[in-house]
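Geometric and topological summary
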Amino acid sequence: MRASRRLRAVALAYLALLLVLPVGMVFYRTFEHGVAAAWAAVTTPDAIHAFWLTLLMVAVAVPANTVFGIGCALVLVRQRFPGKALLNSLVDVPFAVSPVVVGLALVLLYGRAGWFGTWLADHGIQVIFAPLGMILATIFISLPFVVREVVPVLREVGSEQEEAASTLGASPWQAFWRVTLPSIRWGVAYGVILTTARALGEFGAVSVVSGKLAGQTETLPIHVEQAFQNFDLAGAYSASVVLAALALLTVLSMNLIKREEVTR
Amino acid sequence: MFVLLPLAAVIARSAQGGASAFWDAVTTPQAVSALELTVGVSLATVAINLVFGTVIAWVLVRDEFPGKGIVKGLIDLPFALPTIVAGLTLLALYGPKGPFGFSVAFTRVGIVLALLFVTLPFVVRAVQPVLLELDREMEEAAASLGAGRRTVFRRIILPNLMPAMLAGVGLAFARCMGEFGAVVLISGNLPFKTEVASVFIFGQIESDNVTAAAAVSVVLLAVSLLLLMGVAAAARWRARHEG
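How each quantity is defined
Residues numbered from 1 in each chain as written. Chains lettered and ligands numbered in written order. Predicted model: local features only at pLDDT ≥ 70, side-chain atom pairs only at ≥ 80, totals over all residues. Helix = DSSP H or I, 4+ residues; strand = E, 2+ residues; numbered from the N terminus. Buried ≥ 20, exposed ≤ 12 C-beta atoms within 10 Å, placed from the backbone. Contact = placed C-beta atoms within 7 Å. Nonpolar A, V, L, I, M, F, W, Y, C, P; charged D, E, K, R; others polar. Core = buried A, V, L, I, M, F, W, Y, C linked by C-beta atoms within 7 Å. pLDDT = per-residue confidence, 0-100.

**Looking at the overall build of chain B**
For chain B, the count of helices and strands is 12 helices and zero strands. Going from N to C terminus, chain B has its helices and strands arranged as α-α-α-α-α-α-α-α-α-α-α-α. With 243 residues in all, chain B has 47% of them scored as buried.

**Quick notes on the overall build of chain A**
From N to C terminus, chain A includes 14 helices and zero strands. For chain A, the sequential pattern of α-helices and β-strands runs α-α-α-α-α-α-α-α-α-α-α-α-α-α. By principal-axis analysis of the C-alpha atoms, chain A measures approximately 70 × 65 × 35 Å. For chain A, the residues scored as buried account for 44% of the 264 residues in total. Put simply, of all contacts in chain A between residues at least 6 apart along the chain, 75% involve residues at least 24 apart.

**Some points on the interface of chain A and chain B**
Listed as interface residues are 52 residues of chain A and, on the opposing side, 52 residues of chain B. For the side of chain A that touches chain B, the secondary-structure elements that each account for two or more residues are α1 (2-31), α4 (84-96), α5 (99-110), α11 (185-201), α12 (204-210), α13 (220-229) and α14 (233-263) of chain A. Ranked by residues supplied to the side of chain A that touches chain B, first place goes to α1 of chain A with 15 residues. Taken together, the residues of the side of chain A that touches chain B break down into 40 nonpolar, eight polar and four charged.

**Let's talk about the environment of Leu143 of chain A**
All names here are of chain A. Checked against the element boundaries, Leu143 lands in the loop between α7 (131-141) and α8 (144-157). Taking the C-beta count within 10 Å as the criterion, Leu143 has 26 such neighbours and is therefore assigned buried. Along the backbone, Leu143 and Leu18 are 125 residues apart, and their C-alpha atoms lie at a distance of 29 Å. Not counting the four nearest positions on each side in its chain, Leu143 is found in contact with Asn65 and Pro94.

**Some words on the nonpolar core**
Within the largest apolar cluster, 156 residues are counted, with the highest numbers of intra-cluster contacts made by Leu104 of chain A together with Ala114 of chain B. In this structure, Leu104 of chain A is in contact with Val208 of chain A together with Val10, Ile201, Ile205, Ala213, Ala214 and Ser217 of chain B, ignoring residues within four places of it in sequence.

**Focus on unusual backbone geometry**
Working note: non-glycine residues mostly have negative phi, and peptide bonds are mostly trans. In this model, Phe129 of chain A sits at a positive phi of 60°, which is unusual for a non-glycine residue. Along the polypeptide, Phe129 of chain A turns up in the loop between α6 (117-122) and α7. Phi is positive for Phe106 of chain B, close to 65°, though the residue is something other than glycine. Residue position: Phe106 of chain B is located in the loop between α6 (83-94) and α7 (108-133).

**Things to note about α7 of chain A**
The element α7 of chain A is extensively covered by neighbouring structure, given that nine of its 11 residues are classed as buried. All of the buried residues in α7 of chain A are Gly133, Met134, Ile135, Leu136, Ala137, Thr138, Ile139, Phe140 and Ile141 of chain A.

**Here we look at the environment of Phe31 of chain A**
With respect to the helices and strands, Phe31 of chain A occurs in helix α1. C-alpha of Phe31 of chain A to C-alpha of Tyr237 of chain A: the two residues are 206 residues apart in sequence and 9.2 Å apart in space.

**As for the confidence of the model for chain B**
On average, residues of chain B score 88 in pLDDT, and 99% of them are at 70 or above. Scoring of the predicted complex yields 0.89 for pTM and 0.86 for ipTM.

**Things to note about the environment of Gly110 of chain B**
All names here are of chain B. The residue Gly110 is located in helix α7 in this model. Since 24 C-beta atoms lie within 10 Å of it, Gly110 is described here as buried. When the C-alpha positions of Gly110 and Leu91 are compared, they lie 8.6 Å apart, and in sequence the two are 19 residues distant.

See the structure below:
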């Protein structure tokens, strides 16, 4: 019995030192001069602009990856075709690649000297150092979450109910909306939450393609870094607290969904 | 296409000058030291993860204590927290202005700490489900036959957990090799001392040395893809031999 208590102490101490205390410290540093000071630091024009730009990233990347993710999962589970194994492992690539490498790849494709650079310049479209490139980076980085969450659920529910629906005269579209989607909804929800968290917080890939122009191409994570580098600790800490609060919200909803799944 | 094309562009760029140019770019002293450092800190991180991740998973599955639900939820926090914030939180506590009077900023210890933070969930989440399903009767049988706790752990529990532990470590290692956001603030990015590969690549892009950036990127890509393929192949192998 004593051994198990010692193990518990080790595990909890490790978590406290690595996770709880550092995150708590940021909250403390943010609010040590009062809520008003923290509010002032997080409502500078640059910070507000960064906040909205971050939300834009999420607003584009999450729906795009949700639609793609469900479609891709359906193809991976329900169909057989040559190259399926390749597609299956390609989906995981964004997890394996360093964010900086993703950023570099986009620069090499869409930058001035990139493969599509001349064509884009001729048509007056700027991708690199512009929000468009940052959105592409965010989509790339958060691509696998919905697929990976939906595939196992789809495999488990099987296709019998869908087949039953179509024998009863439902069109494929109806079968999808009325049968398939409701049965995978928790998997989709879980994937969407993970995608959102990643899209909110992506730093490496976005910072390579953004050019980090304050008030123009700065997302909230980039704003944190820039504020820190410019010795604006109050700004860095308060923006971090906004992001950390969103992360805590994410974790909370993940746990709620898990519970929902278990009790169902 | 969306995934393949960008990677193809990186590989093409790194191969532009031929094999010798690629080799030269990867073997500059600064690049070599960045790659060596990355492998070193990643190994240190996953070794610590292996021990503590398993301990945490064990406590979460086998132990009961008030507040366990909260601790369980906390494990996922590093996945949800933006990496740059992770780095900043560690600096707030263990940095030059922290309350402890020591600082890990600009040191390799700091880098390992940052990597430990972001990779915490991998081993825990891999081991936890296996431990949950582990048949306790085996342990009880061994104990009733006179095996001590240590023997039970070494001969019964560890062999059963090993595959999951290694899978978690593989994923964590791949993550460590490429991590950027958590490391960038805490490491100080001193070439030859605390500059990891991803930060090196970033610096090369900033100074318009794209070929060198692409070459080192390809090395990173190869390592992490091989690792992930290894983990996936091991999982398939196990599924076939157990199913």
